[in-house]
Amino acid sequence: MTKYNMLSDDDLLRLIRLGDKDAEEYLIIKYTPLVNNEVRTMFLVGAEIEDLAQEGMIGLFQAIRDYSEDSGAAFSTFAYKCVKNRCMTAMTTANRKKHSPLNTYISIFYNDDESDGDEKAVVSDDGINNPESIYIRREKIEKMYEEMEMKLSFLEKKVVDFYLEGLSRREIAERLGKSEKSVDNALTRIHNKLRG
């Protein structure tokens, strides 16, 4: 496939549109590191990293299929956005499942350097299929939900809900009609209340 090394992404995409499967394979291989880099920063509830990587690859295929040179963006930018959106959608969908919070846990403790290890014990995958570990983890998660119900304000509960859906701070702020600073402050208060 060395004949493709000298071609731009736009040239490769033109060849792909003409049915060149080798050009498509080359472009997929070229952008697989982008998918892997994006997936490393994410966690998909109840799934393996390979599942999230597969979602990222679907996003890459969509980018190859849907990209238009007239869009004003480079293919690399478009591909990154498609991969990220596909992974975020998969995370949001997984986090919305009714019983997901009882089976898994996403840390809202975004500054793990301060963590005393208790939160990390809940997040850990060690012995995830061990019935005893599952039972203990569920008890800890239920206790955490009880604490959230007692300690958090209405706004803080909404922030947690949106955060667990995978929304960014900016998206949470938009949904709540608040500033990003208000959301940051709420996350800090949540962090402090649930640690205290």
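All values derive from a computational prediction rather than experimental measurement.

(A) Summary view of the overall build of the protein chain. Secondary structure summary: the protein chain contains ten helices and zero strands in total. Its helices and strands in sequence order give the protein chain the pattern α-α-α-α-α-α-α-α-α-α, from N to C terminus. Each of the 196 residues in the protein chain was classed as buried or not, and the buried ones make up 34%. Contacts in the protein chain between residues far apart in sequence, at least 24 positions, make up 58% of those at least 6 positions apart. Entry remark: accessible area of the protein chain is about 12,000 Å², with carbon and sulfur atoms responsible for 51%.

(B) Expanded view of helix 8 (residues 154-164). Of the residues making up helix 8, those classed as buried are Glu156, Val159, Val160, Phe162 and Leu164. Gly166 lies just past helix 8 and shows a positive phi near 95°.

(C) Looking closely at helix 2 (residues 21-40). With 20 residues, helix 2 should cover 28 Å at 1.5 Å per step; its first-to-last C-alpha distance of 28 Å lies within 8% of that length. At Tyr31, helix 2 shows its maximal kink, close to 35°; a proline, Pro33, follows between one and four residues later. Structurally, the start of helix 2 carries an N-cap: the backbone nitrogen of Asp22 is 3.0 Å from a side-chain oxygen of Asp20.

(D) Representation of the pattern of salt bridges in the model. Here the structure, examined in full by the defined rule, presents ten salt bridges. For Asp66, the salt bridge is made with Arg65, and the minimal N-O distance between the two is 2.7 Å. You can call Asp66 partly exposed: its relative accessible area is 42%. Residue class for Arg65 comes out exposed when judged on its relative accessible area of 57%.

(E) Seen up close, the packing of helix 1 (residues 9-17) against helix 2. Running from N to C, helix 1 and helix 2 cross one another at 140°; their axes reach a closest spacing of 8 Å. Taken together, helix 1 and helix 2 sit at an angle that is classed as oblique. Crossing of helix 1 over helix 2 shows left-handed handedness. For the pair helix 1 and helix 2, contact is made by Asp9, Leu12, Leu13, Leu15 and Ile16 and by Ala23, Glu24, Tyr26, Leu27, Lys30 and Tyr31, respectively. Looking at the contact of helix 1 with helix 2 residue by residue, the class counts come to eight nonpolar, no polar and three charged.

(F) Layout of the packing of aromatic side chains. In this structure the tally under the stated criterion is four aromatic pairs. Ring geometry for Tyr31 versus Phe75: centroids 5.2 Å apart, planes at 85°, classification edge-to-face. One end of the pair, Tyr31, is in helix 2; the other, Phe75, is in helix 4 (residues 75-96), with 44 residues separating them in the sequence. One exposure class covers both Tyr31 and Phe75, and it is buried. Through successive ring pairs, a cluster of aromatic residues spans Tyr31, Tyr67, Phe75 and Phe78.

Reading the values: rules and limits
Residues numbered from 1 in each chain as written. Predicted model: local features only at pLDDT ≥ 70, side-chain atom pairs only at ≥ 80, totals over all residues. Heavy atoms only, no water. Helix = DSSP H or I, 4+ residues; strand = E, 2+ residues; numbered from the N terminus. Buried < 20%, exposed > 50% of the residue type's maximum accessible area, 1.4 Å probe, protein only. Contact = heavy atoms within 4.5 Å. Areas by Shrake-Rupley, 256 points an atom, 1.4 Å probe, with all protein chains shown as cover. Expected span 1.5 Å × (residues − 1). Bend = angle between axes of the 7 residues up to and from the residue. Polar contact = N/O pair within 3.5 Å; in protein donor to acceptor, adjacent residues only side chain to side chain. Salt bridge = Lys/Arg side-chain N within 4 Å of Asp/Glu carboxyl O. Axes fitted to C-alpha atoms, helices over the stretch in contact; angles between N-to-C directions. Parallel < 35°, antiparallel > 145°, perpendicular 65-115°, else oblique. Left-handed = near helix turned anticlockwise from the far one by under 90°. Nonpolar A, V, L, I, M, F, W, Y, C, P; charged D, E, K, R; others polar. Phe/Tyr/Trp six-rings, centres within 6.5 Å; stacked < 30°, edge-to-face > 60°.

In short, shape yes, function no, at least from these values alone.
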